[in-house]
Amino acid sequence: MPPELTHDERLTAFEARIARGEKIEPGDWMPDDYRRQLIRMISQHAHSEIVGMLPEGAWIEHAPSLRRKLILIAKVQDEAGHGQYLYHAAESLGAERQDLIDALLAGKAKYSNIFNYPTLNWADVGMIGWLVDGAAIKNQTMLTGASYGPYSRAMVRICAEETFHYKQGKEMITLYAQGTPHQRRMAQDALDRWWWPSLMMFGPPDADSTNSTTLMRWGIKLKSNDALRQEFIDEIVPELHAAGLCIPDPDLRYDENSGHWLTGPIDWDEFWRVIKGNGPMNRERLRARRTAHDDGLWVREAMAAYASRSSVIGKRSTVSGQR
Amino acid sequence: MNDDLRAALAARLLATADDELMLAHRNAEWTGHAPILEEDIALANIAQDELGHASIWYGLVEELTGQDPDRLVFFRDAGEYRSAQMVEQPRGDWAFTMLRQYLFDAYEMALLARLAGSAYQPVADAAARMRNEELYHYRHSSAWLRRLGLGTAESNRRMQAALDVLWPLAGQLFSPQPGDALLNVEGYWPDLNELRQAWSGVVIPALEEAGLGETASAAGPDDRRVHSAHLDTLLADMQMVARADEEAVW
């Protein structure tokens, strides 16, 4: 029988596997902190999908054509599916879905800050697809290379669907930006409100990002917040300009030397204010989730009662069948 | 096809499309608010299928009358709709939504089975395509009928309360429209009295098995031109963006 490895030997072997680009799978040895960080990230991601159903879901009933209505229901359904898939990925690390959801409902778990902003006009649905899903794809494309196998594979699947979300948003806003005066105003108003929050989606500046160093060493995160944010800005600015929209940043300029679009200062005070629970919609989002949970209690009780009764009936019929 | 037959068929297709549209709209209201995550997914899926069915039926109306489906949906007032009151009702609680779904799915299963043999080929083709999806809807809502009817005292009480509201309204699904006799003679659309009997033959025993009762007398609206006040508020929500700019392409 081989001698027990020490923790340090195991850690060295684990980090060597990550350095070689191997995927870590559910049964494999992993440091407690790796497991903890992954559960934190994956559950936050799952919660973001669940809470993220609310701002767009509110517009399903107002969608102005059969096609838009169909697309929007499908999109919000995808988000529910992503949430379910990600909770399963967290379960593969030993977490319980109910515990994670309880933490969300208790206000103890984070989700993407962007969903604490309100959707005020129909064009917000398109702008969320274009900017918010566009930013999410940047982050999630990076995560397809993450070292934990189930998370990485979930991201491959989710990115494929997010690409459709991004395309429908871009298509909608491009159409409206060249549409009637009313539609053009809607599109510009949506951009004015979603531009800065979407840049904040990449998280605080690298200097203030507390978790980043370990996450990068363990291959959970492969690029820094600022690097991803810059990639997004460089891609999205020319697209928005081409659509004929005006980006609400007087300091925005193209830097010939670096080849980057440089924005004015991001209001990080607002970011921290919203993340601490004082954004425009924080309370409303949690209220909606809690209401759904509370209203569903009698349903879940009925499901459980019926399931246990059915299994009793099943056993009885087996017994009588043996007679 | 002569004008009378064409008008009768278009009226039937419009009523069928309107039912599907309203039910899809109400079901989609659950997206993000369902009692379990799996049902957010399932009900959104059903809503998409129903909206797809509505689009197909509106498309057949367009072939007959030239009316654009989006104009029909977003620019008709309540009085011009032919949906049954049952599908206009607010979503209520999960018992109400699931029982309505069950009653409607059983109706749609019976209807599609007959329409698949319609002498009007576009209707037969459309029904054949929808039957597969509808079978899954029917299985889903049948399972919820039993689960909630036989689950707890509270779930049974809620289902019975839902049935008390829905049962008198369900008859309107089968209410006659001008030209029905013509459609029946041509083999374009089934006889609605026969359809109702087939539906009752499935639904009443299933309700009883689920511990629900009192389905005998049911005096409700018997004309699809008669709507509840809920349709006005539903349409105000559904049409507000489209009507804010009539010139726009959305």
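Residues numbered from 1 in each chain as written. Chains lettered and ligands numbered in written order. Predicted model: local features only at pLDDT ≥ 70, side-chain atom pairs only at ≥ 80, totals over all residues. Heavy atoms only, no water.

Q: In this structure, what is going on with the overall build of chain A? I would like to understand it.
A: Helix and strand content of chain A: 12 helices and 2 strands. Written out in order from the N terminus, the α and β elements of chain A read α-α-α-α-α-α-α-α-α-β-β-α-α-α. Viewed in the frame of its principal axes, chain A has a C-alpha envelope of about 80 × 55 × 35 Å. Within the span of chain A, comprising 323 residues, buried residues form 50% of the whole. Carbon and sulfur atoms make up 55% of the accessible area of chain A, which totals about 14900 Å². Positive and negative charge centroids in chain A, built from 39 and 43 side chains respectively, lie 6 Å apart. (Helix = DSSP H or I, 4+ residues; strand = E, 2+ residues; numbered from the N terminus. Buried < 20%, exposed > 50% of the residue type's maximum accessible area, 1.4 Å probe, protein only. Areas by Shrake-Rupley, 256 points an atom, 1.4 Å probe, with all protein chains shown as cover. Lys, Arg positive; Asp, Glu negative; His and termini not counted. Charge placed at Lys NZ, Arg CZ, Asp CG, Glu CD.)

Q: How do you make sense of the packing of aromatic side chains when you look at a structure like this?
A: Within a pair of aromatic rings, the relevant descriptors are the distance that separates the centres and the angle that separates the planes. Applying the stated rule across the entire model yields 19 aromatic pairs over all chains. With a centroid separation of 5.3 Å and 85° between ring planes, the pair formed by Tyr176(A) and Trp250(B) is classed as edge-to-face. In this pair, Tyr176(A) is assigned in helix H6 (residues 149–177) and Trp250(B) in the segment after helix H10 (230–244), connecting two distinct chains. Like Tyr176(A), the residue Trp250(B) is buried in the burial classification. Measuring from centroid to centroid gives 5.2 Å for Trp268(A) and Phe271(A), while their planes differ by 85°, and the two rings are edge-to-face. Here Phe271(A) and Trp268(A) lie together in helix H10 (residues 268–278), a separation of 3 residues that amounts to about one turn. (Phe/Tyr/Trp six-rings, centres within 6.5 Å; stacked < 30°, edge-to-face > 60°.)

Q: Sorry, what's going on with the interface of chain B and chain A here?
A: Often the size quoted for an interface is simply the accessible area lost on bringing the parts together. Taken together, the 49 residues of chain B in the interface contact 44 residues of chain A. Across the chain B/chain A interface, buried area totals approximately 3900 Å², and carbon plus sulfur atoms make up 68% of it. Counting the contacts that link chain B with chain A gives 1 salt bridge. Applying the counting rule to chain B against chain A returns 16 residue pairs in polar contact (both at pLDDT 80 or more). Put simply, the parts of the chain that give the side of chain B that touches chain A at least two residues each are helix H1 (3–28), helix H2 (37–65), helix H3 (69–74), helix H5 (94–115), helix H6 (121–149), helix H7 (153–170) and H10 of chain B. The element contributing the most residues to the side of chain B that touches chain A is H2(B), with 11 residues. (Contact = heavy atoms within 4.5 Å. Buried area = accessible area lost by both parts, 1.4 Å probe. Salt bridge = Lys/Arg side-chain N within 4 Å of Asp/Glu carboxyl O. Polar contact = N/O pair within 3.5 Å; in protein donor to acceptor, adjacent residues only side chain to side chain.)

Q: Is there a simple way to think about helix H5 (residues 123–143) of chain A in this case?
A: Residues and elements named next belong to chain A. Under the 1.5 Å per step criterion, the end-to-end length of H5 is 29 Å for 21 residues, consistent within 8% with the ideal 30 Å. By the largest-angle criterion, Gly129 marks the main kink of H5, which is about 30°. Most of H5 is tucked away: 19 of the 21 residues are buried. (Expected span 1.5 Å × (residues − 1). Bend = angle between axes of the 7 residues up to and from the residue.)

Q: Looking at this model, I keep getting lost on the packing of H7(B) against helix H9 (residues 192–209) of chain B. Mind explaining?
A: Two packed helices can be described by the angle between their axes and the distance between those axes. Residue and element names in this part refer to chain B. Here H7 crosses H9 at 170°, and the two axes come no closer than 14 Å. With respect to H9, the axis of H7 lies roughly antiparallel. In this structure, H7 uses Leu163, Trp167 and Ala170 to contact H9, whose residues at the interface are Trp199, Val203, Ile204 and Leu207. Partitioned by chemical class, the residues of the contact of H7 with H9 number 7 nonpolar, no polar and no charged. (Axes fitted to C-alpha atoms, helices over the stretch in contact; angles between N-to-C directions. Parallel < 35°, antiparallel > 145°, perpendicular 65-115°, else oblique. Nonpolar A, V, L, I, M, F, W, Y, C, P; charged D, E, K, R; others polar.)

Q: Would you take a moment to explain the environment of Glu38(B) for this structure?
A: With respect to the secondary-structure elements, Glu38(B) resides in helix H2. Counting along the chain gives 48 residues from Glu38(B) to Met86(B), while the straight-line C-alpha distance between them is 25 Å. For Glu38(B), the contacting residues outside a window of four places in its chain are Gln84(A) and Arg97(A). Among the polar contacts made by the side chain of Glu38(B), one reaches the side chain of Gln84(A) at a distance of 2.9 Å.

Q: I tried to follow the pattern of salt bridges on my own but got confused; where do I start?
A: Once the charged atoms of two side chains with opposite charge are near each other, the side chains can pair. The full count for this structure, using the stated rule, is 33 salt bridges over all chains. Glu29(B) serves as the salt-bridge partner of Arg91(B), at 3.7 Å between the closest nitrogen and oxygen. One end of the pair, Arg91(B), is in the loop between helix H4 (85–88) and H5; the other, Glu29(B), is in the loop between H1 and H2, with 62 residues separating them in the sequence. On the basis of relative accessible area, Glu29(B) is assigned to the buried category, the value being 19%. Residues joined in a network through salt bridges with shared partners are Arg17(A), Arg20(A), Glu22(A) and Asp28(A).

Q: Can you help me understand a negative patch on the surface in this one?
A: All names here are of chain A. Together, Glu91, Glu96, Asp99 and Asp102 make up a negatively charged patch on the protein surface. Within the secondary structure layout, Glu91 lies in helix H3 (residues 66–91). The partly exposed category is assigned to Glu91, whose relative accessible area is 31%. (Patch = residues over 30% accessible without salt bridge, like charges linked within 9 Å, V, L, I, M, F, W, Y side chains within 5 Å.)

Q: How do you make sense of helix H4 (residues 97–105) of chain A when you look at a structure like this?
A: Side chains three or four residues apart in an α-helix point the same way, a direct result of the helix having 3.6 residues per turn. For H4(A), the complete set of buried residues consists of Arg97(A), Leu100(A), Ile101(A), Leu104(A) and Leu105(A). Along the long axis of H4(A), the arc covered by the buried residues comes to 135°, so they all point the same way. Where the residues of H4(A) are buried, they touch helix H2 (32–57), H3 and helix H11 (282–295) of chain A together with H2 of chain B. Downstream of H4(A) by a residue or two, Gly107(A) has a phi angle that is positive, lying close to 80°. (Arc of directions from axis to C-beta.)

Q: Can you walk me through the environment of Leu21(B) in this structure?
A: Locating Leu21(B) in the fold gives a position in helix H1. Along the backbone, Leu21(B) and Gly52(B) are 31 residues apart, and their C-alpha atoms lie at a distance of 8.8 Å. What Leu21(B) contacts, discounting residues up to four positions off in sequence, is Leu66(A), Leu51(B), Ala54(B), Tyr58(B), Val73(B), Tyr81(B) and Met238(B).

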